[in-house]
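What the coordinates show
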Amino acid sequence: MSPYTLDDYSSELGVPRSDVASRANKVSVKRLIARNFGRAAQSYDAAAVLQHRVAARAMLGLPTNAVVNRVLDLGSGTGIHSVALADRYASALVTGLDLSMGMLQFAQRQHSSCNRVRWCSGDIESLPFASESIDLIFSSLAIQWCNLERVLDEVSRVLKPGGQFVFSTLSDGSLHELNASWTQAGESGRVNQFAEFEKQQEIIHRSGMSLNSMSLQTEVVYYPDVITMLRSLKALGVNTVLEGTPSLLTRRKLDVLKDIYESLRELSGLPLTYQVVYGTLIK
Ligand SMILES: C[S@@+](CC[C@H](N)C(=O)[O-])C[C@H]1O[C@@H](n2cnc3c(N)ncnc32)[C@H](O)[C@@H]1O
């Protein structure tokens, strides 16, 4: 059986061969993250059923009676939650920040009538904002792409004293069925690994901010088959692998993956688990 070509692989599963070659350094990885999310901008909201549910749940942690003038949405994606934040805090200026120009351009087009939301290109690990300038920082399912220590250093720097950081992220065990199935198929390193919840708690403890709440919730998404699952991950832009260099995928390997994953089938379909962390920190 001949291996997938670059285009076959790219269009079928969304991890182009060029990603593998350029994965060597961090800047390239960030470019890949930005590019893959940018390519997913049009398809993201329709595919993001779980992501929207998680953001809505994270928003339950937003402060209700604080004075909020400046708000940041870190990793704002298509901008839907930045706009929800502007609706929630009627006199606040909200900035949606994202690494991906594709996402930012999409957000700007989609929400052009919302004049209290600005769109800003930037890296969560190096925020382009003055120290102690922000009242509230929100981030849903974006900081798992970053180094948590650097994120918290930056969040702590730009928040005003008493300001809050309300977030959701992923922890260890997320996508474990896909990871285990690929590994069993002899293809380890195709799925991102996430930090353990306890490790995340430890890093937060060292951040100097005080922990208001932090909880872990398991979510399972079901798919009719493996290809639909992989296409959905591509539509969400989450097809960048942060570490490792997966080998060329062949149709045979994909068939092996399908057979292995079938053994996990439940009544609702093929399960894919997310371990979602919700937290609120106060500076
Ligand atoms: C899964 S999407 C979540 C989007 C949105 N927050 C939501 O809940 O639908 C993750 C977003 O984080 C952005 N992102 C990833 N790493 C980033 C970084 N270092 N700095 C800024 N944005 C980043 C991606 O470009 C993407 O738009």
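Residues numbered from 1 in each chain as written. Predicted model: local features only at pLDDT ≥ 70, side-chain atom pairs only at ≥ 80, totals over all residues. Heavy atoms only, no water.

**Quick look at the overall build of the chain**
- A count of helices and strands for the chain gives twelve helices and seven strands.
- Residues counted as buried form 53% of the 283 residues belonging to the chain.
- For the chain, restricting intrachain contacts to residue pairs at least 6 apart in sequence, the fraction spanning at least 24 positions comes to 79%.
- Of the roughly 12900 Å² that the chain leaves accessible, carbon and sulfur atoms contribute 51%. (Helix = DSSP H or I, 4+ residues; strand = E, 2+ residues; numbered from the N terminus. Buried < 20%, exposed > 50% of the residue type's maximum accessible area, 1.4 Å probe, protein only. Contact = heavy atoms within 4.5 Å. Areas by Shrake-Rupley, 256 points an atom, 1.4 Å probe, with all protein chains shown as cover.)

**Re the site of the ligand**
- Neighbouring the ligand are 20 residues, the closest being Tyr-44, Gly-75, Asp-98, Asp-123 and Ser-140.
- Between the ligand and Leu-99, the relevant distance is 3.1 Å, taken from a nitrogen atom to a main-chain nitrogen or oxygen of the residue.
- Relative to its free-state accessible area of 600 Å², the ligand is covered by the protein chains to the extent of 99%.
- For the shell around the ligand, the secondary structure elements donating two or more residues are helix H3 (26-39) and strand S2 (93-98).
- Classifying every residue of the shell around the ligand by side-chain character gives eleven nonpolar, seven polar and two charged. (Near = heavy atom within 4 Å. Polar contact = N/O pair within 3.5 Å; in protein donor to acceptor, adjacent residues only side chain to side chain. Nonpolar A, V, L, I, M, F, W, Y, C, P; charged D, E, K, R; others polar.)

**Re the environment of Arg-150**
- Summarising the element assignment, Arg-150 is placed in helix H8 (residues 148-158).
- Owing to a relative accessible area of 35%, Arg-150 belongs among the partly exposed residues under this scheme.
- For the pair formed by Arg-150 and Ser-207, sequence separation is 57 residues and the distance between their alpha carbons is 9.6 Å.
- Separated by 2.8 Å, the side chains of Arg-150 and Glu-125 make a polar contact.

**Here's the deal with the pairing of strand S3 (residues 117-121)**
- In this sheet, S3 lies alongside S2 in parallel orientation, the contact comprising five bridges. Across the sheet, the residue bridging to Gly-96 is Trp-119, located in S3.
- Crossover handedness for the path S2 to helix H7 (residues 101-110) to S3: right-handed. (Pairing = 2+ DSSP bridges. Right-handed = clockwise from strand over helix to strand, strands pointing away.)

**Points about the packing of aromatic side chains**
- Summed over all chains, the structure comprises two aromatic pairs.
- Arranged with centres 5.4 Å apart and planes meeting at 90°, the rings of Phe-37 and Trp-145 form a pair that is edge-to-face. Residue Phe-37 is located in helix H3, and its partner Trp-145 is located in the loop between strand S4 (134-140) and H8; the two are separated by 108 residues in the primary sequence. Accessibility assignment for this pair places Phe-37 and Trp-145 in one class, buried.
- Where Phe-165 meets Phe-167, the ring centres are 5.0 Å apart and the plane angle is 25°; that geometry is what we call stacked. (Phe/Tyr/Trp six-rings, centres within 6.5 Å; stacked < 30°, edge-to-face > 60°.)

**What about the packing of helix H11 (residues 226-235) against helix H12 (residues 251-262)?**
- Here H11 crosses H12 at 110°, and the two axes come no closer than 10 Å. When the axis of H11 is compared with that of H12, the two are roughly perpendicular. The segment H11 lies against H12, with Val-226, Ile-227, Met-229 and Leu-230 engaging Leu-254, Leu-257, Lys-258 and Tyr-261.
- Each residue belonging to the contact of H11 with H12 can be placed in one class, and the counts come to seven nonpolar, no polar and one charged. (Axes fitted to C-alpha atoms, helices over the stretch in contact; angles between N-to-C directions. Parallel < 35°, antiparallel > 145°, perpendicular 65-115°, else oblique.)

By themselves, these figures tell us nothing about what the structure is for.
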